[in-house]
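This is what each chain is made of:
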Amino acid sequence: MFLGRIRRTSSGPVELVALHSDGGLLSLADLGDDPVAALRAYGLDRLTELVDERSSGPLLDQSAVLFEPPVATCTKICCLALNYRAHAEESGMEVPSEPVLFFKPPSALTGHNRPVVAPARTRHLEHEVELAVVIGQVTRDLPADRWQEAVAGYTVINDMTARDLQLANIARNAPWDQSKGFDTFAPVGPFLATVDEVPDPQALELVLEVDGEVRQQANTKQMVFDLPRLIEDLSDGMTLMPGDLIATGTVAGIAPLKDGDTMRATVAGVGTLVNTVKFRSA
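None of these values were measured; they are calculated from a predicted model.

Conventions we followed
- Residues numbered from 1 in each chain as written.
- Predicted model: local features only at pLDDT ≥ 70, side-chain atom pairs only at ≥ 80, totals over all residues.
- Heavy atoms only, no water.
- Helix = DSSP H or I, 4+ residues; strand = E, 2+ residues; numbered from the N terminus.
- Buried < 20%, exposed > 50% of the residue type's maximum accessible area, 1.4 Å probe, protein only.
- Contact = heavy atoms within 4.5 Å.
- Areas by Shrake-Rupley, 256 points an atom, 1.4 Å probe, with all protein chains shown as cover.
- Lys, Arg positive; Asp, Glu negative; His and termini not counted.
- Charge placed at Lys NZ, Arg CZ, Asp CG, Glu CD.
- Arc of directions from axis to C-beta.
- Polar contact = N/O pair within 3.5 Å; in protein donor to acceptor, adjacent residues only side chain to side chain.
- Pairing = 2+ DSSP bridges.
- Core = buried A, V, L, I, M, F, W, Y, C linked by side-chain atoms within 4.5 Å.
- Axes fitted to C-alpha atoms, helices over the stretch in contact; angles between N-to-C directions.

**Student:** Could you give me a rundown of the overall build of the chain, with the residues and numbers involved?
**Tutor:** Within the chain, the regular secondary structure consists of four helices and 19 strands. Its C-alpha atoms give the chain principal-axis dimensions of roughly 55 × 45 × 30 Å. The proportion of buried residues among the 282 residues of the chain is 55%. Nonlocal contacts in the chain, meaning residues at least 24 apart in sequence, comprise 75% of its contacts between residues at least 6 apart. Total accessible area on the chain stands at roughly 11900 Å², and carbon and sulfur atoms take up 49% of it. Computing the positive centroid from 24 side-chain charges and the negative centroid from 39, the chain places the two 7 Å apart.

So, in structure tokens, the structure goes:
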């Protein structure tokens, strides 16, 4: 099942929707506006039954709605750096011996088909396609062999980076979180793919295209640290909350973007996230 959050107009209420087999969107507005909360309230099996019971109802055209991020409540976006060997090598960095964590604020979230707007202080913006894990329940100190208990599903995230600001901060040994955390720098979506849709999250193709040109392409099996290790490590002493996101790292092929570029970030079996770049004038 693929669950999303949309608005029919810019000022309209947020609705919970499910992706229908023919590509339209089935409104589940009476079940709330939060995919993770709906999964917690009904369970996957019952929620699937409810969606199937309504599958003959009227559908919404994806092109006629505004997508919101498929998480309604998110306390933190946990991001992994250098979690693919080839990306570490292209960045001139050593492959880490332990997971390397940084955070994006929830205010950085934006949805599918929404613009990514670079602030005037940066002129060098880069894309980073990643698989994102959506946390489904309060999780702390979870051992690796129970990692699936934490997961509500998966989505696509594009870890946008102001590379000029990041490199300048690295050069002076200063934190570089700001280069990752601007508004709209965490586009996510279009949907939350529930766990039944993704039987093996460590065997998914990742592709990032810019105006039809393939820039990034790899497979989640190439992660340095897999999902069991990441969830065990992140939940060790830190509570992961329902709706929190784990961005599991990007692959080789990062490259600069220009104003007006359209990015298509795809994780096979999870979805394709589309966003266009906009640079503010200096």
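**Student:** Please set out helix 4 (residues 227-234) residue by residue, giving values where relevant.
**Tutor:** Looking only at helix 4, the buried set comprises Leu227, Pro228, Leu230, Ile231 and Leu234. Looking down the long axis of helix 4, one finds its buried residues gathered within 165° of arc, a one-sided arrangement. Those residues of helix 4 that are buried lie in contact with strand 6 (77-81), strand 7 (100-104), strand 11 (129-135), strand 12 (151-158) and strand 17 (245-247). Two or three places before Arg229, at the opening of helix 4, Asp226 has a side-chain oxygen 3.1 Å from that residue's backbone nitrogen.

**Student:** I'd like a description of the pairing of strand 2 (residues 14-19), backed by residues and values.
**Tutor:** In regular strands, side chains alternate between the two faces of the sheet. Burial analysis of strand 2 places five of its six residues in the buried class, which makes it a mostly covered element. Direction of pairing for strand 1 (residues 2-7) relative to strand 2: antiparallel, over a ladder of five bridges. Residue pairing for strand 2: Arg5 is matched across the bridge by Leu16. Bridging between strand 2 and strand 3 (residues 25-27) involves three bridges; their strand directions are antiparallel. Its bridge partner being in strand 3, Leu19 is matched across the sheet by Leu25. Linking two consecutive strands that pair antiparallel, namely strand 2 and strand 3, is a turn of five residues; a positive phi of about 95° is found at Gly23 within it.

**Student:** Mind laying out the nonpolar core, listing which residues take part and the relevant values?
**Tutor:** Residues Leu125, Tyr154, Ile246 and Val270 are the most contacted members of the largest nonpolar core, which totals 53 residues. Those residues within four positions of Ile246 in sequence are excluded, and the remaining contacts are Cys78, Leu80, Leu131, Ala132, Val133, Ile135, Ile231, Leu234 and Leu240. The next biggest cluster of nonpolar side chains, apart from the first, holds 32 residues, and it includes Ala38, Leu47, Leu82 and Ala247.

**Student:** Account for the side chain of Thr184, naming residues and giving values.
**Tutor:** Summarising the element assignment, Thr184 is placed in the loop between helix 3 (163-171) and strand 14 (186-194). Apart from the residues within four sequence positions on either side, Thr184 is in contact with Ser107, Ala108, Thr110, Pro115, Val116, Val117 and Met160.

**Student:** Would you mind going over unusual backbone geometry in detail, with residue names and values included?
**Tutor:** For the bond running from Gly189 to Pro190, omega is -5°, close enough to zero to count as cis. Here Pro190 shows up in strand 14. A positive phi angle, near 55°, is found at Asn173, a position not held by glycine. In this fold, Asn173 is placed in the loop between helix 3 and strand 14. Under the relative-accessibility criterion, Asn173 is labelled exposed at 74%.

**Student:** Please provide a residue-by-residue account of the sheet that holds strand 19 (residues 271-279), values included.
**Tutor:** Strand order in this open sheet of five strands is 9-19-18-15-16, and the pairing throughout is mixed. The sheet is open, and its two borders are formed by strand 9 (116-118) and strand 16 (213-219), each paired with just one other strand. Neighbour-to-neighbour, the strand axes of the sheet open up by a mean angle of 20°, direction not taken into account.

**Student:** Describe the environment of His87, and please don't skip the residues or the numbers.
**Tutor:** Within the fold, His87 resides in helix 2 (residues 85-90). For the pair His87 and Gly32, spaced 55 residues apart in the sequence, the C-alpha separation amounts to 40 Å. Every residue in contact with His87, bar those within four places of it in the chain, is listed here: Leu82, Thr250, Val251, Ala252 and Ile254.

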